[in-house]
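# Architecture and fold: a report
Below, each chain spelled out in residue letters.
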Amino acid sequence: MLQLQYPSLLQAGYFINNEWKTDTSATFPVYNPATGEEIIQVADAADTHATAAVEAAHAAFAQWSRLPAKERSNILRKWYQLIINHTNDLALLLTSEQGKPLAEAAGEVQYGASFIEWFAEECRRVYGDIIPAPVADRRFLAMKQPIGVVTAITPWNFPVAMITRKIAPALAAGCTVVLKPAEDTPLCALALAQLAQEAGMPAGVLNVIPTMQAEAVGKVLTTHPLVQKVSFTGSTEVGRILMKQASSTVKKLSLELGGNAPVIVFDDADIDAAVKGTIASKYRNAGQTCVCANRVLVQRSIYPAFMEAYKKAVAALKVGNGTEEGVTIGPLINTDAIEKVERLLQDALSRGAELVLGGQRTQANSLYYAPTIISRCTTAMELSREEIFGPVSAVYIFDMEADAIALANNTEYGLAAYFFTPDIHKIWRVAEQLEYGIIGVNEGLISFAEAPFGGIKQSGYGKEGSKYGIEDYLAIKYVCLGGM
Ligand code: ADP
């Protein structure tokens, strides 16, 4: 049994109108991927609960949206502080349901909380405009108002941060929210709701509905006429479905979808920085992030030196239960995830890739996969097009700068790209030519509340974090004053 210092953070109901309810006959299990043990049974909300949650959010909107921004800000700040105060419990909850090492989980809790802190500050600076009118008797102004009820559908890889990144700007703007967390990781979402209530969030402003019935609940969240905006992070495949559904009532959308991030190591790169940055990008969360290096492109002349250092550093990563001291790679989230990694690796090896390190589970029938490197990859391999989402580095060799850029851009995705070079001219040239929404230069960790996160091409649209993040939850209203 999971022992928390503050047991109220382990909730198993659904949360509507600031009330925990378990009045559904159905429940579903949440497992610890490190041990396979069931942590708890959680209420399985149905489409009727989704409708009730949307109605609650709609009823709460009038009051919440009219509160002075400073009052919303105060509640968000309190929520931020409570999350920080409970970092240890939240990290343990996160590691238990998701698997990432405890230190990484604590880092995610703080990173997740930073979006609440940031948007508590930003909401006091939502300015409109006075616009010079072209005629003498009129005055123009543009005001910004919260868009309305927002629904959020989130993935399992960041059970705290993917949620706060969406709902903090929404709540700060004055919107009310219905959140459907991923079925693998509902517990952090429910703990966040508990703390929001303790921070003084009024009833109906934030509603959380865990469910196994993603399709039926998702349908309500993307088609209900009272919902004005849908914010989704997940696969491009599901993003397409949600986009289609949301079109029936012309909802605004933010979509943060799949990625196929290249890391380019140029021949003038600092090898230590390139190794450190590539590992940070590739092996964080056991390779299960949409900005993880999916393709490592190394210039031919630096290839032997880079590979030697990279192999040594990757071999030093420690796989195990995330609660154990010193572990840097936890289990993958579930059987589907590990089988996908195995399928992609098999395909690559059958098409001529060379196995440099790892290449199998560390224990049979577990979700632990050894940190792996394969080399001499080509575009004929499935992993050049698909997200690996596991601890496998796929290395490609290139000759010219133009080849690297062409290879990097040869994908339907456009989320994050990284490259390593000290040459400032090359930095400008390459950064301008890479078709990606986020570029890391000599750096593998690029996500901060202050910076705009989001992709182009089929990685979606909309920005999370930064001064732009709150705009996604605001509508501009133009007011024309006549007879002046
Ligand atoms: P992943 O492959 O990372 O699990 P998904 O896109 O399948 O990504 O899942 C991301 C989120 O989308 C999860 O919360 C999941 O429950 C939800 N989801 C999956 N299918 C649907 C659907 N048809 N409608 C609404 N939500 C969905």
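For every chain, the first residue of the written sequence is number 1, and numbering continues from 1 along that sequence. Note on the predicted model: pLDDT of at least 70 is required for a residue's local features to be given, and 80 or more for side-chain atom pairs to be given and counted; whole-chain, interface and lining totals, by contrast, use all residues.

This brings us to the UniProt feature "active site" (unreviewed entry) in the protein chain. UniProt positions are given in the numbering used here, feature names are shortened, and annotations may be inferred rather than shown by experiment. As annotated by UniProt and renumbered to match this structure, "active site" (unreviewed entry) occupies Glu256. Helix and strand definitions follow DSSP, with helices as H or I runs of at least four residues and strands as E runs of at least two, each counted in order from the N terminus. Considering the arrangement of structural elements, one finds Glu256 in strand S11 (residues 252–256). Our exposure labels follow a C-beta count within 10 Å of each residue's own C-beta, placed from the backbone: buried means 20 or more other C-beta atoms, exposed means 12 or fewer, and partly exposed covers the counts in between. Residue Glu256 is classed as buried on the basis of its 27 C-beta neighbours within 10 Å. Ignoring any residue separated from it by four or fewer positions in sequence, one finds Glu256 in contact with Thr233, Gly454, Gly455, Gly460 and Glu464. The contact criterion used here is simple: two residues whose C-beta atoms, placed from the backbone, lie within 7 Å are in contact.

Each nonpolar core reported here comprises buried Ala, Val, Leu, Ile, Met, Phe, Trp, Tyr and Cys residues connected via C-beta atoms within 7 Å. The biggest cluster of nonpolar side chains holds 87 residues, and the ones touching the most others in it are Leu76, Trp79, Leu90, Ile116, Phe119, Leu171 and Val177. Apart from the residues within four sequence positions on either side, Val177 is in contact with Ala57, Val150, Ala152, Ile167, Ala170, Leu171, Leu206 and Asn207. Membership of the second largest hydrophobic core comes to 66 residues, among which are Cys292, Leu332, Leu345 and Ala417.

A few words now on the site of the ligand. Contacts to the ligand come from 14 residues, most closely from Ala214, Gly218, Gly234, Ser235 and Val238. Going through the elements one at a time, helix H7 (214–223) and helix H8 (236–247) are the ones with two or more residues in the shell around the ligand. Classifying every residue of the shell around the ligand gives 7 nonpolar, 4 polar and 3 charged. Only the C-beta atom matters for nearness: placed from the backbone, it must lie within 6 Å of the molecule or strand for the residue to count as near. In this classification, the charged set is Asp, Glu, Lys and Arg, the nonpolar set is Ala, Val, Leu, Ile, Met, Phe, Trp, Tyr, Cys and Pro, and all remaining amino acids, among them Gly, are polar.

It is worth spelling out the environment of Ala293 at this point. Of note, Ala293 is situated in strand S13 (residues 293–299). Given 30 C-beta atoms within 10 Å, Ala293 falls into the buried group. Contact partners of Ala293, with chain neighbours within four places excluded, come to Ala261, Val263, Thr278, Ser281, Lys282, Ser393 and Tyr418.

Time to look at the pairing of strand S12 (residues 261–265). In summary, the side chains of a regular strand alternate between the two faces of the sheet. With 5 of 5 residues buried, S12 lies mostly within the body of the structure. Neither face of S12 is open: one carries Ala261, Val263 and Val265, the other Pro262 and Ile264, and all of them are buried. Crossovers are marked right-handed if the path from the first strand over the helix to the second runs clockwise, as seen with the strands pointing away from the viewer. Read from S12 through helix H9 (residues 271–283) to S13, the crossover connection turns out right-handed. As paired strands, S12 and strand S18 (residues 416–420) are joined by 3 bridges and run parallel to one another. Its bridge partner lying in S18, Ile264 is registered against Phe419. In this description, strands pair whenever DSSP reports at least two bridges between them.

So, on to the packing of helix H4 (residues 102–122) against helix H5 (residues 161–173). Fitted lines through C-alpha atoms serve as axes, helices being fitted only where they are in contact, and the angles separating the N-to-C directions of these axes extend from 0 to 180 degrees. At a minimum axis distance of 8 Å, the contact between H4 and H5 shows a crossing angle of 10 degrees. Taken as axis vectors, H4 and H5 run roughly parallel relative to one another. In this structure, H4 contributes Glu108, Tyr111, Gly112, Ala113, Phe115, Ile116, Phe119, Ala120 and Glu122 to the contact, and H5 contributes Ala161, Thr164, Arg165, Ala168, Pro169 and Ala172. Each angle gets one of four labels, with under 35 degrees taken as roughly parallel, over 145 as roughly antiparallel, 65 to 115 as roughly perpendicular, and the rest as oblique.

Time to look at helix H6 (residues 187–198). Between its first and last C-alpha, H6 extends 17 Å over 12 residues, near the 16 Å set by a 1.5 Å rise per residue. Burial runs high along H6: 10 of the 12 residues are buried. What a helix should span is 1.5 Å times the count of its residues minus one.

Sheet strands pair via backbone hydrogen bonds, and the direction of the pair is either parallel or antiparallel. Pairing within the open sheet is mixed, and its 7 strands lie in the order S14-S15-S16-S13-S12-S18-S19. In this open sheet, the two edge strands, each paired with only one partner strand, are strand S14 (354–357) and strand S19 (438–441). Shown here is a sheet whose adjacent strand axes are inclined to one another by a mean of 25 degrees, direction ignored. Bridge analysis of S12 against S13 gives 5 bridges, and the strand direction is parallel. Across the sheet, residue Val265 finds its bridge partner in S13, namely Val298.

A few words on the UniProt feature "domain: Aldehyde dehydrogenase" (unreviewed entry) in the protein chain. When the UniProt feature table is mapped to this numbering, "domain: Aldehyde dehydrogenase" (unreviewed entry) covers residues 20–479. Overall, residues 20–479 shows 40% helix and 21% strand. The separation of its end C-alpha atoms is 42 Å.

Turning to H4, a few remarks are in order. Compared with the 30 Å implied by 1.5 Å per residue over 21 residues, the 30 Å span of H4 between its first and last C-alpha is a close match. Across the 21 residues of H4, 15 count as buried, placing the element largely inside the fold.

The phi torsion at Asn285 lies on the positive side, around 55 degrees, for a residue other than glycine. As for its placement among the helices and strands, Asn285 is situated in the loop between H9 and S13. Residue classification places Asn285 among the buried residues on the basis of 22 C-beta atoms within 10 Å.

Turning our eyes to something else, we now look at the pairing of S19. Residues Ile438 and Gly440 point to one face of S19 and are all buried, whereas Ile439 and Val441, pointing to the other face, are not buried. Once you follow S18 into helix H13 (residues 424–433) and on to S19, the crossover reads as right-handed.

Below, the discussion takes up the sheet that holds strand S5 (residues 129–131). Here we have 3 strands laid out as an open sheet, ordered S5-S6-S22, and antiparallel in their pairing. The open sheet has two free edges, formed respectively by S5 and strand S22 (474–481), since each of these has just one partner strand. In this sheet, neighbouring strand axes are inclined to one another by 25 degrees on average, regardless of whether the strands run parallel or antiparallel. When S5 meets strand S6 (residues 139–146), the two strands line up antiparallel, connected through 3 bridges. Paired with Asp129 across the strands is Ala142, a residue of S6.

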